[in-house]
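Letter by letter, the chains look like this.
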Amino acid sequence: MGYSRFMRAKDDKKLPKKNMQDYHLMAEQYRPAKIEYLLIGEAPPPSGVYFYKPMKLPRIREVEKNQSLPATIFNHYFKRLPKNDEVYLSLLGALKQRGIFLVDIIDDPIKVRSRAEGVNPDSIQKIIAGIKTLKARLEQRDIVIPENRMTFLLPRQHYVKDIRAEFPNACRRRWKDFRMNTKACICCANGN
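Comments concerning the overall build of the chain
A count of helical and extended segments in the chain gives 6 helices and 6 strands. Counting every position in the chain, which comprises 192 residues, the buried fraction comes to 51%. Accessible area for the chain stands at about 10700 Å²; split by element, carbon and sulfur atoms hold 49% of it.

As for the nonpolar core
Membership of the largest hydrophobic core comes to 54 residues, with the highest contact counts inside it found for Leu38, Phe51 and Tyr52. In terms of residues, this core owes the most to one element, helix α3 (residues 85–98), which gives 7 residues.

Observations regarding helix α2 (residues 69–78)
Across the 10 residues that make up α2, a large majority, 10, are buried. Along α2, the residues that are buried comprise Leu69, Pro70, Ala71, Thr72, Ile73, Phe74, Asn75, His76, Tyr77 and Phe78. In this structure, the buried side of α2 is in contact with β1 (37–41), α3, β2 (100–104), β5 (150–154) and α6 (175–180). One side-chain oxygen of the residue at the start of α2 lies 3.1 Å from the amide nitrogen of Ala71, identifying that residue as Ser68. Positioned one or two residues after α2, Lys79 has a phi angle of 55°, which is positive.

Concerning the side chain of His76
Secondary-structure assignment places His76 in helix α2. Within the structure, His76 has its side chain in polar contact with the backbone oxygen of Phe178 (distance 2.7 Å).

Regarding the sheet that holds β5
Reading across the sheet, the 4 strands line up as β2-β1-β5-β6 and stay open at both edges, with parallel pairing between neighbours. For this open sheet the edge positions go to β2 and β6 (171–174), each flanked by a neighbour on one side alone. On average, each strand axis in the sheet is inclined to that of its neighbour by 25°, with strand direction left out of account.

Focus: the packing of aromatic side chains
Across all of its chains, the model carries 11 aromatic pairs by this definition. Measuring from centroid to centroid gives 5.9 Å for Tyr30 and Tyr52, while their planes differ by 10°, and the two rings are stacked. Here Tyr52 lies in the loop between β1 and α2 and Tyr30 lies in the loop between α1 (23–28) and β1, a separation of 22 residues in the sequence. Each member of the pair, Tyr30 together with Tyr52, is buried.

What about the pairing of β5?
Burial within β5 is extensive, with 5 of its 5 residues counted as buried. Residues Met150, Phe152 and Leu154 line one face of β5 and the alternating positions Thr151 and Leu153 line the opposite face, and both faces are buried. With 3 bridges joining them, β1 and β5 adopt parallel strand pairing. Along β5, the bridge assignment pairs Leu39 with Thr151.

Points about the pairing of β6
The pairing of β5 with β6 spans 4 bridges and is classified as parallel. Each bridged residue has a counterpart across the sheet, and for Thr151 the counterpart in β6 is Cys171. One crossover worth recording links β5 to the parallel β6 by way of helix α5 (residues 160–166), and it is right-handed.

Observations regarding the confidence of the model for the chain
One rule of thumb: low pLDDT means the predicted coordinates there are not for detailed reading. Residues with a pLDDT of 70 or more make up 79% of the chain, whose mean pLDDT is 80. Across the chain, α5 holds the top mean pLDDT of 96, while strand β3 (residues 113–114) sits lowest at 76. Long-range and interchain partners of residues 1–20, a stretch whose pLDDT sits below 50, account for 35 contacts in this model, where long-range means more than four residues apart.

Criteria and cut-off values
Note that residues are indexed from 1 along each chain, following the sequence as it is written. With the structure being a predicted model, the display of local features is reserved for residues of pLDDT at least 70 and the display and counting of side-chain atom pairs for 80 or more, all residues being used for whole-chain, interface and lining totals. Hydrogens and water molecules were not included; the side-chain quantities draw on all heavy atoms of the structure. Secondary structure elements are defined from DSSP: runs of H or I of at least 4 residues count as helices, runs of E of at least 2 residues count as strands, and each element is numbered from the N terminus. Partly exposed describes any residue whose relative accessible area lies between the buried limit of under 20% and the exposed limit of over 50%, with all areas from a 1.4 Å probe on protein chains only and scaled to the type maximum. Here the accessible surface of atoms and residues is derived via Shrake-Rupley with a 1.4 Å probe, and residues count as covered only by protein chains that are part of the display. Here the nonpolar core consists of buried residues drawn from Ala, Val, Leu, Ile, Met, Phe, Trp, Tyr and Cys, with membership extended through side-chain atoms lying within 4.5 Å. Residue contacts follow a heavy-atom distance rule, with two residues in contact if any of their heavy atoms lie within 4.5 Å. A 3.5 Å cut-off defines polar contacts: any pair of N or O atoms within that distance qualifies, except that in protein one atom must be a possible hydrogen donor and the other a possible acceptor, and neighbouring residues in sequence count only when both atoms are side-chain atoms. Any two strands with at least two DSSP-identified bridges between them are counted as paired. Working convention: axes come from line fits to C-alpha atoms, limited for helices to the stretch in contact. Angles between N-to-C directions cover 0 to 180 degrees. Two rings belonging to Phe, Tyr or Trp (six-membered ring only in the last case) form a pair when the distance between their centres is within 6.5 Å. Interplanar angles under 30 degrees mark stacking, angles over 60 mark edge-to-face geometry, and anything in between is tilted. Here a crossover is taken to be right-handed if, once the strands point away from the viewer, the path from the first strand over the helix to the second is traced clockwise. The predictor rates its confidence in each residue with pLDDT, a number between 0 and 100.

Following this line, the structure appears as structure tokens:
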């Protein structure tokens, strides 16, 4: 499938429900034949931005201050950020070759935090409910992987105890810690 299937994130407006992107379809293009390592994020944001859809990353010189999920993942695995769509797509392909795949706790976009209002408690409750049903939803997508090969990437700590209860053997890492650790870590066994 060609790059033309994607729209640049900066051109997106809030998408009405009837035109909501099929996030699973986008992700499946980069799903490894055998998933060696599963990364788990919160949920797609309501802006239409999505990890498996090339986006222009913020131009921040210091990678530790770039709080985007792509910056977190790409810096961790490749020690660099994509400068254009072509590089972004090649890094997605490199993750696929390494057997690394990203899914979300919640499939539908939700706004978890806003600058004006802070963290939305209703969104946190949706994430907590999603944690409890995540195993079944992974099985529905034929994603079967041992918990010790999963890492929950945490932009916030509000539901760590819920992850620990449902996935006691999975890794849990704050985005910044994962982004800045570019050496092989416990979560990246076998050099992934």
